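# Geometric and topological summary
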Amino acid sequence: MAVWPLFQYAASVYWETNPWKFFGWAMYTVPPPQVQMGMGEIHGGQIDWDRRREVPRPLLEEGFRFLDRRTAYGRLHAPDELAGMALAAFPETEGVAIRVRSLVLNRESARLVPRDQVYVYPR
Amino acid sequence: MGMSASTIALEPGPRLREPPPLPGALAGPGPNAGAALLHEKFTAFSRTFAVIVACELWSEVARVEGMLRGTRFAVAVLFTAAAAAIAMGRWARPAAAFASALLAVRLACFLPLSANHYYLEVIYAFFLAIPAADPREEDLVLKAVRSTVIVGLIASGIQKAAHGCYFGGEFLCFMLAHDPRFDVLSPLVPAPEVLRLHALEKGIGAGPYRVDSVPLLIVSNLTYVLEVLLPIGLLVPRLRRVALAAAVAFVVAIEVAARELFFGALMINSLLVFSRGGLHRKAMPLLAAFCIYLLAVSLGLLPRWRFS
């Protein structure tokens, strides 16, 4: 129990796991993580982030489930399942890309700054 | 006719035999008094723990809609039965083992969103499953609880310093801006700055979450400093009484903002294990009454107020 908080701290720094979770005694150490997600489509080898289309309900629900897990597990949880569902839902695309954005409180500027990670899933 | 030395050693004469143990209330100074106090403290801890968790579980059933409500209800019913056994001291050990397994199921059901004190409750119930009739084993459990409190407080303080959002009060400013629970900090911050923080919207570049307020800076920095110093005070016998009073006051102060009141009760019950004399026994009805009050509020039987 004495060692676990050290591991939890390391995990929150390297994998962006949620310090508020997993019994590391780190609640109220940083603002609760804010995780957002965007999905793009690949056409002609380029990612189009701006294309809007109606998202099937199961995909939307999986998106919310992914956000919950991503908020907790950080980079340890990739959106593979979500991407698989998106590829199945939009068969005309060459692939999909998922951008995961965490808003973190920067210590120097005391402002919220984005930390992005983009996952590309070609068909 | 001569007896061997080993026979003599195995059958001590009347003068070597220890007197039978006295009931706790009658025990004066001496080894029995120590054992009685130990047992009293162990009983106070375990009974209070059982009441806190039972009230918390029923409170969750009352408050939470939808998400695994049936599971919460089943856990609350079964835990209440186990808590009754723990509180009455009958089948307490197997009941605590069952309670620990039950709380572990509840923790697993809500992963990864399980609250941190779910883990603490599983561990405490597991600790309570250890002791048998031997007072030394009860002492071991109380030492384990004390160690958990020490580790928890120090780890919490070090992590606050390591993440670095307390030196300039950034974390508290963020919470003051976006979490109404932290409005209690408003008097520490100049009014225009409070208005500015409240007007901030979470988004890229939002901030700065920093204000020109010495009182807020003091509170912010005192938080992690106390979380490291108080456990050290609890470890030093001469400082223990003062450190205990300060630690309880500290938990109360935190809960004024955080309002995770069952967790606060759990922490105070853990801290009281450091107390001497019958303080833990005396505090037990207060903590139990507080948790029953919180449950009554959750059930809508009593009016809600700011800190409930």
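Described below are features of the structure shown in this document.

### Let's talk about the overall build of chain A
Within chain A, the regular secondary structure consists of 3 helices and 4 strands. In sequence order, chain A lays out its α and β elements as α-β-β-α-α-β-β. Each principal axis of the C-alpha atoms in chain A carries an extent, and together these give about 50 × 30 × 20 Å. Every one of the 123 residues in chain A was classed for burial, and the buried ones make up 46%. Counting contacts in chain A only where the partners sit at least 6 residues apart, residues at least 24 apart contribute 54% of the total. Of the roughly 6,600 Å² of accessible surface on chain A, a fraction of 56% belongs to carbon and sulfur atoms. Once the 15 positive and 14 negative side-chain charges of chain A are each reduced to a mean point, those two points are 6 Å apart.

### Focus on the packing of helix α6 (residues 135–163) of chain B against helix α11 (residues 261–271) of chain B
Residues and elements named next belong to chain B. Here α6 crosses α11 at 120°, and the two axes come no closer than 9 Å. As judged from the angle between their axes, α6 and α11 are oblique. As for the relative orientation of α6 and α11, their crossing is left-handed in sense. For the pair formed by α6 and α11, the contact residues are Val145, Val149 and Leu153 on the first element and Met267, Ser270 and Leu271 on the second.

### Let's talk about the interface of chain A and chain B
Counting residues at the interface gives 35 residues for chain A, matched by 40 residues for chain B. In total, about 3,500 Å² of surface goes out of reach between chain A and chain B, with carbon and sulfur atoms giving 67% of it. If you sort the residues of chain A by the area they bury against chain B, A:Phe23, A:Trp25 and A:Tyr28 come out on top, with a joint share of 24%. Seen at the junction of chain A and chain B, the total is 0 salt bridges. At the boundary of chain A with chain B, the tally comes to 18 residue pairs in polar contact (both at pLDDT 80 or more). For the side of chain A that touches chain B, the secondary structure elements donating two or more residues are α1 (4–14), α2 (57–73), β3 (95–105) and β4 (112–122) of chain A.

Cut-offs and rules
- For every chain, the first residue of the written sequence is number 1, and numbering continues from 1 along that sequence.
- Going through the entries in the order they are written, you letter the chains from A and number the ligands from 1.
- With the structure being a predicted model, the display of local features is reserved for residues of pLDDT at least 70 and the display and counting of side-chain atom pairs for 80 or more, all residues being used for whole-chain, interface and lining totals.
- Hydrogens are left out, water is left out, and the side-chain values use all remaining heavy atoms of the structure.
- Only DSSP runs of H or I with at least four residues qualify as helices, and only runs of E with at least two residues qualify as strands; both kinds are numbered from the N terminus onward.
- Think of it in three bands: residues with accessible area under 20% of the maximum for their type are buried, residues over 50% are exposed, and the middle band is partly exposed, with areas taken using a 1.4 Å probe on protein chains only.
- It only takes one pair of heavy atoms within 4.5 Å for two residues to be counted as in contact.
- Here the open area of atoms and residues is found with the Shrake-Rupley method and a 1.4 Å probe, where only the protein chains shown may cover a residue.
- Residues counted as positive are Lys and Arg, residues counted as negative are Asp and Glu, and His and the chain ends are not counted.
- In plain terms, the charge of a residue is placed at NZ if it is Lys, CZ if Arg, CG if Asp and CD if Glu.
- To get an axis, fit a line to the C-alpha atoms, keeping to the stretch in contact for a helix; angles then go from 0 to 180 degrees between the N-to-C directions.
- Orientation categories follow fixed angle ranges, with anything under 35 degrees roughly parallel, anything over 145 roughly antiparallel, 65 to 115 roughly perpendicular, and all other angles oblique.
- Crossing handedness: left-handed means the near helix sits turned counterclockwise from the far one by under a right angle, and right-handed means the same turn made clockwise.
- A simple way to read buried area is as the amount of 1.4 Å-probe accessible surface that goes missing from two parts once joined, with both sides added.
- Basic side-chain nitrogens of Lys or Arg form a salt bridge, by our definition, when they fall within 4 Å of a carboxyl oxygen of Asp or Glu.
- By the criterion applied in these results, polar contacts are pairs of N or O atoms within 3.5 Å in which, for protein atoms, one can donate a hydrogen and the other can accept it, and in which residues neighboring in sequence qualify only through two side-chain atoms.

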